[in-house]
Amino acid sequence: MLNAKPPDDPGLRVAFEEALAGYHEGGLPIGAALFHRGELIARGRNRRVQDGNPILHAEMTCFQSAGRLPPSVYREATLYSTLSPCYMCGGATLLFGVPRVVVGESRTILAGDEWLRSRGLIVTVADDPACYELLQRFIAEQPQIWSEDIGAAGTGGKYDHVHGANPCVTPHDPSHT
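Residues numbered from 1 in each chain as written. Predicted model: local features only at pLDDT ≥ 70, side-chain atom pairs only at ≥ 80, totals over all residues. Heavy atoms only, no water.

A. Representation of the nonpolar core in the model. Counting residues in hydrophobic clusters, the biggest one holds 41 residues, and the most contacted among them are I30, L34, F63, L79, Y80, V98 and W146. Those elements giving two or more residues to this core turn out to be α1 (10–24), β1 (31–36), α3 (58–66), β3 (77–83), β4 (100–105), α7 (129–141) and α8 (143–150). (Core = buried A, V, L, I, M, F, W, Y, C linked by side-chain atoms within 4.5 Å. Buried < 20%, exposed > 50% of the residue type's maximum accessible area, 1.4 Å probe, protein only. Helix = DSSP H or I, 4+ residues; strand = E, 2+ residues; numbered from the N terminus.)

And the structure:
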């Protein structure tokens with residue numbers, strides 16, 4: 001199916017397997033895996049299409065699969081994702097205190113990598129050919145679903161969305177309450 005061989009890194013390989021499963025289900029081929037001290041503790045894939053739920057990104061389903069874990073486990077964990085985590089998934093990663101993220105590829109879209117680094121996380125981009133090839137195949141086959149998932153970032157090449165003059169301050173508009 002793909003020209004590129006699966007990732008060599010065991011953690012990224014699990015995330016890629018999840019992405020491939022999502023692809024075969026008709027969903028976005030993005031996968032994630034959570035490891036603690038070298039042991040797999042959770043895995044997940046993007047399920048937005050399959051479940052009709054906009055927050056079920058791969059990292060979120062991975063955290064959901066992990067269940068309740070003590071903070072000490074998260075502080076020693078590594079999150080693997082086949083694509084750069086968005087700000088929602090990056091925020092969850094920060095909230096749980098996961099210190100390391102391994103990204104399969106960020107050529108398709110560079111999301112929250114620099115933001116996560118600015119918050120003290122170690123973010124490693126593997127630039128894995130299989131992760132890239134699978135997502136590019138999906139985008140070519142189903143551009144409308146990709147555009148729905150990632151919005152203007154997937155079609156315009158820009159991930160940061162600015163609302164108003166100052167992106168750090170959102171004025172309150174009483175008519176929107």
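B. Seen up close, the sheet that holds strand β2 (residues 39–45). On the basis of which strands lie adjacent, the open sheet formed by five strands has the order β2-β1-β3-β4-β5 and mixed pairing. With one partner strand each, in any of the chains shown, β2 and β5 (122–125) form the two edges of the open sheet. Along the sheet, successive strands turn relative to each other by an average axial angle of 15°, direction set aside. Taken together, the five bridges between β1 and β3 define a ladder with antiparallel strand orientation. Note that in β3 the partner of H36 across the bridge is A77. In this fold α7 packs onto β3 and β4, with an angle of close to 60° to the strand it touches most, β4. (Pairing = 2+ DSSP bridges. Axes fitted to C-alpha atoms, helices over the stretch in contact; angles between N-to-C directions. Contact = heavy atoms within 4.5 Å.)

C. Geometry of the packing of α1 against α7. Close contact between α1 and α7 brings their axes to 10 Å; oriented N to C, the two are set at 15°. It follows that α1 is roughly parallel to α7 by the angle criterion. Here α1 and α7 pass one another in a crossing that is left-handed. Residues L12, F16, A19, L20 and Y23 of α1 form the contact with α7, whose participating residues are A130, C131, L134, R137, F138 and E141. Residues of the contact of α1 with α7, tallied by class, amount to nine nonpolar, no polar and two charged. (Parallel < 35°, antiparallel > 145°, perpendicular 65-115°, else oblique. Left-handed = near helix turned anticlockwise from the far one by under 90°. Nonpolar A, V, L, I, M, F, W, Y, C, P; charged D, E, K, R; others polar.)

D. A look at the environment of E25. Summarising the element assignment, E25 is placed in the loop between α1 and β1. E25 sits in the partly exposed class, given a relative accessible area of 38%. Measuring from C-alpha to C-alpha, the distance between E25 and V49 comes to 8.9 Å, with 24 residues separating the pair along the chain. Setting aside its immediate chain neighbours within four residues, E25 contacts R45, R47 and Q50.

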